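What follows is each chain in one-letter form.
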Amino acid sequence: MTTQPPSSSGTPAYTNRYIILIIVLTGILMAVIDGIVVSIALPTMTSYFGVDVAQSQWTITAYLITMTSLLLVFGKVSEYTGKVVLFIGGMAVFTVSSLACGLSTSLMMLIGFRVVQAIGAAMVFSISGAILFTAFPVTERGRAMGYLGATVAVGSIAGPVVGGFLAGTLGWEYIFFINVPIGVVLLLAAARYLRVDEQRNAHLNLDLPGSISLVVLMVALILTLGDLADGASLTTLPLALVFLLATGFFIRHERQAKNPLVELEIFQNPLFSLPMISMVLYFIANFMLGVIGPFYFEGVMGMEPTQVGLVYLVMPTIMVFLSPLTGWLYDRHHSPHYATIGMAVVAGALFVAGYASVRQDLTLILLAFAGVGIGSAFFQSPNNTDLMSALPPQKMGLASSVTATGRNLGMALGVSIATILISVFLRVFGNEDAVMGAPVSVLAAAVGIVAVISGLICLLAGFFSYLRARSALKVDHPTHPVH
């Protein structure tokens, strides 16, 4: 047996829950890193296949589009297959396709296998939060969600560092080959230890029209943002129109469908919708910082890519150690204000980062990055726990997949918004050259403004966290023990 008697909260405690935690977090880390790791090897791959960047960038875009658009679909599928079966199947697909990516002999072949790899990643990512929430008792869920938040942060920041090292020392193929031995070990461990109690539906009640329209609207949105980030083109308006039409159809269909892909009523619950908005805004701001920073450190500070990678390890390093602690504190006290405080700290740190960027003060920038890491740790653990506990247990798979979709959407929006803003401000300051060709003072000023805008976005996220805290104080939430 993998469970102990129910805890005081009535939730069974799995004796092997920390083994389950390691298995799930490793799968998440691989999925997150592979969404970003290719970017650092893009110049090498472009030369290797003899293509231009407009073609090679599809190795990134295809992965991002596929994974984001399928998260909700696989969340629904998990109700029929079971979360564990879907996780193991996803890891198998991810591992085999990683090997195929490394063996690809043409760009089209690589892009095709990246799509398959993203399908496996979506299967893993969509229900990982639900597995952890099932395996851990109420009194430890904050800590588990803290580890989850820290893992996503580490993967998103460390991806370029890992990619740069592997591509520079072994070749671009090894950014995919490295997944194979890890995936095999993970599959063996999952087959032995990944066991959680779950109820399955007798039939696969997949909303096909809703699934197709969701994929279409996600693809159209990401392609529209990509077009805008590149300065817009003749395809931007048609893509935006497709996005609007698909979104309208999706919302109307989901309201009328007998077995909808997404029960839109969950967004009427402020204990779910408010922390969801906060999370999306946080990831927008976080990825804006991740995009503009390397340009600043290389173009203004004259750093090498490896040095930039070390600078960006400040935030995830702090989160790795602090997130479990803040999760533990939240498990003990369940203060509804933790997330609000965390966002306030992140916003303040980003304002400092903007000021320090203009002043070209590296020490102050590093201190600001540390502040972002501290605030993020105080935000993510409570916010993730609030999201997963806002819906009843039978909707846990839905909560997990919706949360994963929102997180990925925030990442994509952050990348596009940062790219658009940095281009706009450079032009406002009179620079018509490429970003790295801009005068140092101009680039520093543009990056500083974007950092401040990121801080404003975090203030808005903090406001929604505050509204969630007020709602929580008015509602007797059964998953939050009264102290």
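Residues numbered from 1 in each chain as written. Predicted model: local features only at pLDDT ≥ 70, side-chain atom pairs only at ≥ 80, totals over all residues. Heavy atoms only, no water.

Novice: When you look at the packing of helix H15 (residues 338-359) against helix H16 (residues 362-389) in this model, what are you seeing that I'm missing?
Specialist: Helices that pack against each other are described as a pair by the angle of their axes relative to one another and the distance between those axes. For the pair H15 and H16, the least separation of the axes is 7 Å and the interaxial angle reads 160°. Comparing the axis directions of H15 and H16 gives the class roughly antiparallel. For the crossing formed where H15 meets H16, the hand is left-handed. Each residue belonging to the contact of H15 with H16 can be placed in one class, and the counts come to 18 nonpolar, five polar and no charged. (Axes fitted to C-alpha atoms, helices over the stretch in contact; angles between N-to-C directions. Helix = DSSP H or I, 4+ residues; strand = E, 2+ residues; numbered from the N terminus. Parallel < 35°, antiparallel > 145°, perpendicular 65-115°, else oblique. Left-handed = near helix turned anticlockwise from the far one by under 90°. Nonpolar A, V, L, I, M, F, W, Y, C, P; charged D, E, K, R; others polar.)

Novice: In this structure, what is going on with the side chain of Asn 179? I would like to understand it.
Specialist: Mapped onto the elements, Asn 179 comes out in helix H9 (residues 179-193). Those residues in contact with Asn 179 that sit more than four places away from it in its chain are Met 30, Asp 34, Phe 94, Thr 95, Ser 98 and Gln 117. (Contact = heavy atoms within 4.5 Å.)

Novice: Just to check I follow, could you spell out a nonpolar patch on the surface for this structure?
Specialist: On the surface, a cluster of nonpolar side chains totalling about 570 Å² of accessible area is made up of Tyr 80, Leu 204, Leu 206, Leu 208, Ile 212, Val 216 and Val 242. Here the nonpolar patch gets three residues from one element, more than from any other, and that element is helix H10 (residues 208-229). Residue position: Tyr 80 is located in helix H4 (residues 58-81). (Patch = residues over 30% accessible without salt bridge, like charges linked within 9 Å, V, L, I, M, F, W, Y side chains within 5 Å. Areas by Shrake-Rupley, 256 points an atom, 1.4 Å probe, with all protein chains shown as cover. Salt bridge = Lys/Arg side-chain N within 4 Å of Asp/Glu carboxyl O.)

Novice: Even after reading the chapter, I still don't get the environment of Met 303, so can you show me in this structure?
Specialist: Turning to its location among the elements, Met 303 is positioned in the loop between helix H12 (270-299) and helix H13 (305-311). What Met 303 contacts, discounting residues up to four positions off in sequence, is Phe 297, Glu 298, Val 308, Val 311 and Leu 362.

Novice: What is the right way to look at the packing of helix H6 (residues 107-135) against helix H17 (residues 396-428) in this model?
Specialist: H17 packs onto H6 with a crossing angle of 130° between their chain directions and a minimal axis gap of 7 Å. With respect to H17, the axis of H6 lies oblique. For the crossing formed where H6 meets H17, the hand is right-handed. Facing Phe 125, Ser 126, Ile 127, Ser 128, Gly 129, Ala 130, Phe 133 and Thr 134 of H6, the residues of H17 in contact are Met 396, Gly 397, Ser 400, Ser 401, Ala 404 and Arg 407. A per-class count over the contact of H6 with H17 returns six nonpolar, seven polar and one charged.

Novice: Would you take a moment to explain unusual backbone geometry for this structure?
Specialist: Most of the time, phi is negative for any residue but glycine, and the peptide bond is trans. Backbone geometry at Gln 360 places phi at a positive 60°, although glycine is not the residue there. Secondary-structure assignment places Gln 360 in the loop between H15 and H16.

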